[in-house]
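Fold and contact review
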Amino acid sequence: MASSAAPGVKFVPEEDNFLQRHVAFFDRNKDGIVYPSETYQGFRAIGCGYLLSAFASLFINMGLSSKTRPGKGFSLSFPIEVKNIHLAKHGSDSGVYDKDGRFVASKFEEIFAKHSKTHPDALTGDELKQLLNANKEPNDRKGAIAGYTEWKMLHYLCKDKNGLLHKETVRAAYDGSLFEQLEKQTASKKHP
């Protein structure tokens, strides 16, 4: 199993590349490659159940692997190369990540300016549906499914007791820090 980092050297995502930082959480051994087993471990670490974690690891790795490995043949181990994750960016998204995986603050702010009508810094379930519908591009079924899955999973995991998905939570999801927060919360519940 090849690594994008030299042997013994840990992969470090680029500081300004939020998409790499987002994905790097799931690179459990920090070698720059995310295998389905690591995706599974990452989802379990943030508090997802066995079935959701298993489904997510297959769905994500099978969907992204070949896109992040240009010029390389098909691999049954479905590795995702973190350094190339920007190549797997899908359509029907919010545009918060640019073509290189960097954070676009104006697009992030636009989500809440356009869609958070009930609370200025949070999205309700209905407002999230409106956001997903607004982001749909014609003839982009795969992108629409990917966007729907990402946002619905985020809402499921992170909504508050009133069903609101808060702006700071969404921001933390984009930069990957949310996963570390969820991992700490899950660990503290297991080992009080």
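If you're wondering where the values come from, they're calculated on a predicted model, not measured in any experiment. (Residues numbered from 1 in each chain as written. Predicted model: local features only at pLDDT ≥ 70, side-chain atom pairs only at ≥ 80, totals over all residues. Heavy atoms only, no water.)

By size, the foremost hydrophobic cluster in this structure holds 39 residues, and its most contacted members are Ile 111, Trp 151, Leu 154, Val 170 and Tyr 174. Those elements that place two or more of their residues in this core are helix H1 (18–24), helix H2 (36–45), helix H4 (105–115), helix H5 (125–135), helix H6 (141–158), helix H7 (167–175) and helix H8 (177–190). Contact partners of Trp 151, with chain neighbours within four places excluded, come to Ile 111, Leu 123, Leu 128, Leu 131, Leu 132, Leu 165, Val 170 and Tyr 174. (Core = buried A, V, L, I, M, F, W, Y, C linked by side-chain atoms within 4.5 Å. Buried < 20%, exposed > 50% of the residue type's maximum accessible area, 1.4 Å probe, protein only. Helix = DSSP H or I, 4+ residues; strand = E, 2+ residues; numbered from the N terminus. Contact = heavy atoms within 4.5 Å.)

Attention now goes to the packing of H6 against H7. Two elements in contact, H6 and H7, have axes whose closest approach is 11 Å; the angle formed by their N-to-C orientations is 125 degrees. Our classification of the angle between H6 and H7 gives oblique. As H6 runs across H7, the sense of the crossing is right-handed. Residues Trp 151, Leu 154 and Cys 158 of H6 touch H7, and the partners they reach there are Thr 169, Val 170, Ala 173 and Tyr 174. Of the residues that constitute the contact of H6 with H7, the class distribution is six nonpolar, one polar and no charged. (Axes fitted to C-alpha atoms, helices over the stretch in contact; angles between N-to-C directions. Parallel < 35°, antiparallel > 145°, perpendicular 65-115°, else oblique. Left-handed = near helix turned anticlockwise from the far one by under 90°. Nonpolar A, V, L, I, M, F, W, Y, C, P; charged D, E, K, R; others polar.)

Structurally, the position occupied by Arg 69 is in the loop between helix H3 (50–64) and strand E2 (80–81). Despite its burial, Arg 69 pairs with no opposite charge; the closest candidate is Glu 81, at 4.1 Å N-O. With sequence-adjacent residues up to four places away left out, Arg 69 is seen in contact with Phe 74, Ser 75, Pro 79 and Glu 81. (Lys, Arg positive; Asp, Glu negative; His and termini not counted. Salt bridge = Lys/Arg side-chain N within 4 Å of Asp/Glu carboxyl O.)

Given a rise of 1.5 Å per residue, 14 residues ought to cover 20 Å, and the 20 Å separating the end C-alpha atoms of H8 matches this to within 8%. Residues Leu 178, Phe 179, Leu 182 and Thr 186 constitute the buried set of H8. Summarising the axial view, the buried residues of H8 lie within an arc of 95 degrees, below the 170-degree limit, and thus occupy one face. Structurally, H8 contributes buried residues whose contacts are with H1, H2, H6 and H7. (Expected span 1.5 Å × (residues − 1). Arc of directions from axis to C-beta.)

Geometry only, nothing functional implied.
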